[in-house]
Amino acid sequence: MASMTAGGGDLLYRGADWDFPILRRCYDAIERISEHELGLDVHPNRLEVITSEQMLDVYAAHGMPLIYRHWSWGKRFMGHENAYRRGLMGLAYEVVINSDPCISYLMEENSATMQALVTAHAAFGHNHFFKNNRLFRDWTDAGAILDYLEFARGFIARCEERHGASAVERVLDAAHALQNQGIHRHGGSRLLDLRAEQKRERERREHEESAYNDLWRTLPTKPVAGRPDDAGERRRRLGLPEENLLYFLEKNAPKLRSWEREIIRIVRLIAQYFYPQPQVKMMNEGCATWVHTHIMSRLHETGRIDDAAYLEAIHSTTNVINQPGFDAGGGASFNPYALGYAMMTDIARVCADPTEEDRRWFPDFAGNRDPVGTLRRAWAEYRDESFIQQFLSPAVIRQFRMFRLHDVTDRPYLLVDEIHDDDGYRAIRRSLARSYDPSEFYADIEVVDVDLAGDRCLRLEHRTRPGHLLHEKDAKTVLRHLAGLWGYDVKLLELDHESGSVLATHVASPQPA
Amino acid sequence: MDIIDRRQNPHGKSLENRQRVLVRARGAVQKAARDAVAAGRLREVGQGGAVSIPSDVLHEPSLHVVFTGGERHLILSGNKSFSRGDRLQRPPGRGGSGGQGAEAGQGGGGQDEFRFVLSREEFLDLFFDDLELPDLVKRDISTTEQDVPSRAGLSSDGAPSQLDMSRTMRLSMARRIGLRRPKASEIEENQRRLDGLLARLESLPEGSPAWEMATAEVASLRELLQQQQRRLGRIAWIDPVDLRYRRFNAVRRPSTRAVMFCLMDVSGSMTERMKDLAKQFFLLLHVFLERRYKHVELVFIRHADAAEVVDEQAFFHDPRSGGTIVSSALLELLRVQNERFPADGWNIYVAQASDGDNAASDTPVSRALLQDRILPLVQHFAYIEIASSGAVIRGETDLWRGYRQVAEADPRLAMRQVSDKRDIFPVFRELFGRRPEAVAT
């Protein structure tokens, strides 16, 4: 490790102003550290400098540089704009997109130090995480997403021209309402291939056009034989049960036209692309924050930035990783930056300088003298839930002074049942990991049956437990959307996953357009 | 690695999507804008501004689980003094704890209002969406027309200021070429040749063949020159037949100018609050007219027992007192209109606000003035009677009774009573709301 003397290095910049040569010099210095000291493996980078107004645009579309037109983006934009103009919200210093090349947006208002920090944070921290984490590797295809968005935007614009904006909006609204149920959660996703997508879309249309024969319409329909449709066979044919409602609709909804199926597919694939993000948010931010802190302090140690710049970097990092207490208002959830950064720092400490307790808790890596390698393995192989389960140490639990509340609704009080002591660590760790479990935030809903020969009513089941029912008003609205796409009645049962008893029933019928 | 400067890229990528939000939430935004005006929260009508609509209009539903009962564990940070087994008071509000209401955490909203900042144009569009000027405008269109000159080719006579120079010169050149008017340079050239010949002639011996040839040449040149000079004198550079003038036809176009007379009773019985109500109405009418006419003039006439034309500031804020003679204001109106706003060039609108008091002997006079002299001139006359707050319902005032007879006969006079800020907008909408043709009397 280099000593604290500033010898050898020359300053990358002085003061707060930046220009493009400075950006490039910083990038090169940061890249050297990331490559030689941290061994990060990143997608090629692209830095884009934008204004705060453009940042608001970027926010509106989940950070995507281009997206099809829909009012919900406008709503998001207006919400952010209002909050920003009234001073309720600061803008992020950067937004980074999981694509190849990896695009990082830098705001022009940032100081030179902030630009360096943001480059280290986004272009190296997040970028490494995107490229190496298992979830992103399995579920998203960074190379194809930008092209796919371009295709989606163009396709939806053409649909609007051909079929009218309101018809397209109807399908999009419905598909958006169902997008959390538009994900294949098991078995990974097939990678996107833009050319194949376009070809498939074209072929579907061509086939329909060529196979159309008006004569079929004139055939007298044979009375259906009285044989009752075999339920087991029918469900096997339709691939039921199916948790991906959008996929099921795209393939099986009887009344949809081909362009409507294609729009549903677009929403589904984009939802699939975003699916990993909430599951690794804490790790992703922790990784990026740890990387930028490490890089900034190395830049300072080697004399590439001066004390003032380093203090600015520390100041801004400290703001980001602030964890308000449970009683400070603003919700009681954990700040992903704070928890993530604390855990990353703690892992590095355990590797380098473990205590007796750490050796007991983490026999497989305590004192292995390879903090960076250990972190890289963690970043690659875990998601938030399993990461906490594996790596949350007593030291971090003590640092955050975590405690557990037991909430039973018919009791008039809340019980503190675990605190940060020897008896409590494991219980707290288990409960915290559970709160990051995706099954906690995605409802488990499946299509279970549909009688295509009969009333065509689509039957869905939500497996849950008492007290954890769907938001009723929303469920009603979403079901109406679903019925609109399906074209016939829809029935959703909420079942107790243990006893199988029905807790609630929702039904909806398609509304005449 | 690439660094791209995107700051010059077009901004406002979200504008189109923003428009879509407005279209989607139109009904709600419209209601919110009107409520805001009615409640007097928008300082100036027509400035645009922020309005809030209930967020469920733009709600994006999703299937999500909410915790309503049963049992759960929560991990929180920042323990200061709790030990295992402590019992905590439930925080007030819903059954959740520690502020981690499942609704706020998952609904994505947390807000129950959604704020719109509207531009002036958007605001007015929404605001006056289903209003229109009374049908009278169409019926009386001939009186609101004015002559607008419009180019209509060329003519051979006209005012010198309308002379079309290039056309005239083109014709003149054609005539000069056609009539072979000699150019000045040709004459000069011949003159120079003549001078040279004469000089040479002097050096030649008289009677020699060369001398004779030169003499003959001089004679023919002289003749040519004389001929050219004659032509030059006869054929004018610009002849009256060349002259072309731009011609204008008068085309009748509906006038896009309007004048709005604001008449207000400022006698002692009108309180500040009543004036404020009147102001609201005048403002609305002004903004409304401004959207229809390119140019709207305002004339403020206040009256007690005598009327005068004042500026806006004095109109609304100067206290006056005294008795009330309404006809004085009507006469003043006629005088100003006569001097500055001829009825064939201006759309004339009148809005009168009063508490209905008038000297008993004056009401018939006012009525006659209104019926015989004012109404034939105007597009629309709105009379707003402001009831004093808390007053026992007095029934009809003198003025109201007098005007009502006129209103029954002439739909150009509309009259309404207002007693509260809330009434202003509904009354305005009643007066200008689109209505089926058949209803008009």
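Described in the following lines is the structure provided in the data block.

About the thresholds
Residues numbered from 1 in each chain as written. Chains lettered and ligands numbered in written order. Predicted model: local features only at pLDDT ≥ 70, side-chain atom pairs only at ≥ 80, totals over all residues. Heavy atoms only, no water. Helix = DSSP H or I, 4+ residues; strand = E, 2+ residues; numbered from the N terminus. Buried < 20%, exposed > 50% of the residue type's maximum accessible area, 1.4 Å probe, protein only. Areas by Shrake-Rupley, 256 points an atom, 1.4 Å probe, with all protein chains shown as cover. Contact = heavy atoms within 4.5 Å. Buried area = accessible area lost by both parts, 1.4 Å probe. Salt bridge = Lys/Arg side-chain N within 4 Å of Asp/Glu carboxyl O. Phe/Tyr/Trp six-rings, centres within 6.5 Å; stacked < 30°, edge-to-face > 60°. Lys NZ or Arg CZ within 6 Å of the ring centre and 35° of its normal. Pairing = 2+ DSSP bridges. Axes fitted to C-alpha atoms, helices over the stretch in contact; angles between N-to-C directions. Core = buried A, V, L, I, M, F, W, Y, C linked by side-chain atoms within 4.5 Å. Domains from an automatic or database assignment. Patch = residues over 30% accessible without salt bridge, like charges linked within 9 Å, V, L, I, M, F, W, Y side chains within 5 Å. Lys, Arg positive; Asp, Glu negative; His and termini not counted. Charge placed at Lys NZ, Arg CZ, Asp CG, Glu CD. Arc of directions from axis to C-beta. Parallel < 35°, antiparallel > 145°, perpendicular 65-115°, else oblique. Nonpolar A, V, L, I, M, F, W, Y, C, P; charged D, E, K, R; others polar.

### Quick word on the overall build of chain B
Next up, step 1: Looking only at helices and strands, chain B features 14 helices and 14 strands.
Next up, step 2: Burial analysis of chain B (441 residues in total) assigns 42% to the buried set.
Next up, step 3: Put simply, chain B shows about 23500 Å² of open surface, and 51% of that area lies on carbon and sulfur atoms.

### Details of the interface of chain B and chain A
Next up, step 1: Facing 60 residues of chain B, the contacting portion of chain A comprises 86 residues.
Next up, step 2: When chain B packs against chain A, the two sides together hide about 7200 Å² of surface, and 55% of this comes from carbon and sulfur.
Next up, step 3: Counting the surface chain B buries against chain A, the share from its top three residues, L63, I75 and R84 of chain B, is 12%.
Next up, step 4: Applying the counting rule to chain B against chain A returns 11 salt bridges.

### Points about unusual backbone geometry
Next up, step 1: For the bond from D100 of chain A to P101 of chain A, the omega torsion is 0°, close enough to zero to count as cis.
Next up, step 2: Even without being glycine, R401 of chain A reaches a positive phi, approximately 50°.
Next up, step 3: In this fold, R401 of chain A is placed in the loop between α20 (394-400) and β4 (403-408).
Next up, step 4: The partly exposed category is assigned to R401 of chain A, whose relative accessible area is 39%.
Next up, step 5: Phi at R180 of chain B takes a positive value of approximately 50°, unusual for a residue other than glycine.

### Regarding the packing of aromatic side chains
Next up, step 1: In total, this model carries 22 aromatic pairs over all chains according to the counting rule given.
Next up, step 2: Ring centres 5.5 Å apart and planes at 50° place the aromatic pair F365 of chain A and F391 of chain A in the tilted group. With F365 of chain A in the loop between α17 (356-361) and α18 (371-381) and F391 of chain A in helix α19 (residues 384-391), this pair connects stretches of sequence that are 26 residues apart. Each of the two residues, F365 of chain A as well as F391 of chain A, counts as buried.
Next up, step 3: Seen in terms of ring centroids, Y383 of chain B and W400 of chain B are 6.4 Å apart; in terms of plane orientation they differ by 45°. Their pairing is tilted. Highlighted residues: Y383 of chain B in strand β13 (residues 380-386) and W400 of chain B in helix α13 (residues 398-409), separated in sequence by 17 residues. Each member of the pair, Y383 of chain B as well as W400 of chain B, carries the same accessibility label: buried.
Next up, step 4: Site record: aromatic cluster; members linked through ring pairs are F362, F365, Y382, F387 and F391 of chain A.
Next up, step 5: One Lys or Arg, R426 of chain A, reaches over the ring of W361 of chain A and ends 4.2 Å from the middle of that ring.
Next up, step 6: Between R176 of chain B and the ring centre of W237 of chain B, over which it is positioned, the NZ or CZ distance is 3.6 Å.

### Some points on the pairing of strand β2 (residues 94-97) of chain A
Residues and elements named next belong to chain A.
Next up, step 1: Alternating residues of β2 divide into E94 and V96 and V95 and I97, and every residue in both groups is buried.
Next up, step 2: Across 4 bridges, the pairing between β2 and strand β3 (residues 102-107) is antiparallel. The residue of β3 that forms the bridge with E94 is L106.
Next up, step 3: If you look at the hairpin formed by β2 and β3, you'll find 4 residues sitting between the two strands.

### Let's talk about the sheet that holds β3 of chain A
Next up, step 1: Here 4 strands make up an open sheet; going across it, the order is β2(A)-β3(A)-β1(A)-β1(B) and the pairing mixed. Strands at the two margins of the open sheet, each flanked by one partner only, are β2 of chain A together with β1 (2-5) of chain B. This sheet shows a mean twist of 20° between the axes of neighbouring strands, independent of strand direction.

### Points about the sheet that holds strand β9 (residues 490-496) of chain A
Residue and element names in this part refer to chain A.
Next up, step 1: Spatial strand order, β6-β7-β9-β10: 4 strands in an open sheet with mixed pairing. Strand pairing shows two members of the sheet lacking a second neighbour, β6 (445-450) and β10 (502-508), which therefore form its edges. Going across the sheet, the axis of each strand differs from the next one's by a mean of 20°, ignoring polarity.
Next up, step 2: Sitting on the sheet, helix α11 (residues 245-252) touches β6 and β7 (458-464), and the angle it makes with β6 is about 30°.

### Looking at the nonpolar core
Residues and elements named next belong to chain A.
Next up, step 1: By size, the foremost hydrophobic cluster in this structure holds 81 residues, and its most contacted members are W290, L339, W379 and M402.
Next up, step 2: A per-element tally of this core places helix α4 (residues 112-132) first, with 11 residues.
Next up, step 3: No fewer than three residues from each of domain 1 (20-133 + 280-314) and domain 2 (321-439) sit in this core.
Next up, step 4: For W379, the contacting residues outside a window of four places in its chain are L40, H128, F129, N133, M283, C287, W290, V291 and M344.
Next up, step 5: Residues M55, A152, A174 and I445 belong to the second largest nonpolar core, which totals 67 residues.

### With respect to the pattern of salt bridges
Next up, step 1: In total, this model carries 41 salt bridges over all chains according to the counting rule given.
Next up, step 2: Close ionic contact of D41 of chain A with K131 of chain A constitutes a salt bridge, the shortest N to O distance being 3.1 Å. With D41 of chain A in the loop between α1 (20-38) and β1 (45-50) and K131 of chain A in helix α4, the pair connects residues that are 90 residues apart, well separated along the chain.
Next up, step 3: In this structure D41 of chain A comes out as partly exposed when scored by relative accessible area, which is 33%.
Next up, step 4: In this structure, the salt-bridge partner of D242 of chain B is R175 of chain B, at a minimum N-O distance of 2.7 Å. In this pair, D242 of chain B is assigned in the loop between α8 (209-234) and β8 (245-254) and R175 of chain B in helix α6 (residues 165-178), connecting sequence segments 67 residues apart. As far as burial versus exposure is concerned, D242 of chain B and R175 of chain B are alike and both buried.
Next up, step 5: Beyond isolated ion pairs, a larger network of salt bridges with shared partners links R69 and E160 of chain A together with E16 and R20 of chain B.

### Observations regarding the side chain of N17 of chain B
Next up, step 1: Residue position: N17 of chain B is located in helix α1 (residues 15-24).
Next up, step 2: Not counting residues within four places of it along the chain, the set of residues in contact with N17 of chain B comprises R69, H70, W71, W73 and G74 of chain A.

### Let's talk about a positive patch on the surface
Residue and element names in this part refer to chain B.
Next up, step 1: A cluster of basic residues, R180, R230, R231 and R234, forms a positive patch on the protein surface.
Next up, step 2: Within the element layout of this structure, R231 appears in helix α8.
Next up, step 3: On the basis of relative accessibility, which here comes to 34%, the residue R231 falls in the partly exposed class.

### As for α19 of chain A
Next up, step 1: Looking at α19 of chain A, one finds that the buried residues are D384, E385, F387, I388 and F391 of chain A. Each buried residue of α19 of chain A sits inside an arc of 170° when the element is viewed along its axis, so together they form one side.

### Things to note about the packing of helix α3 (residues 71-85) of chain A against α1 of chain B
Next up, step 1: The contact between α3 of chain A and α1 of chain B brings their axes to 7 Å, and the two run at 100°. In terms of their interaxial angle, α3 of chain A and α1 of chain B are classed as roughly perpendicular. Residue-level inspection shows W71, W73, G74, K75, F77 and M78 of chain A of α3 of chain A in contact with α1 of chain B, the latter providing N17, R18, R20, V21 and R24 of chain B.
Next up, step 2: The residue makeup of the contact of α3 of chain A with α1 of chain B, split by class, is 5 nonpolar, 2 polar and 4 charged.

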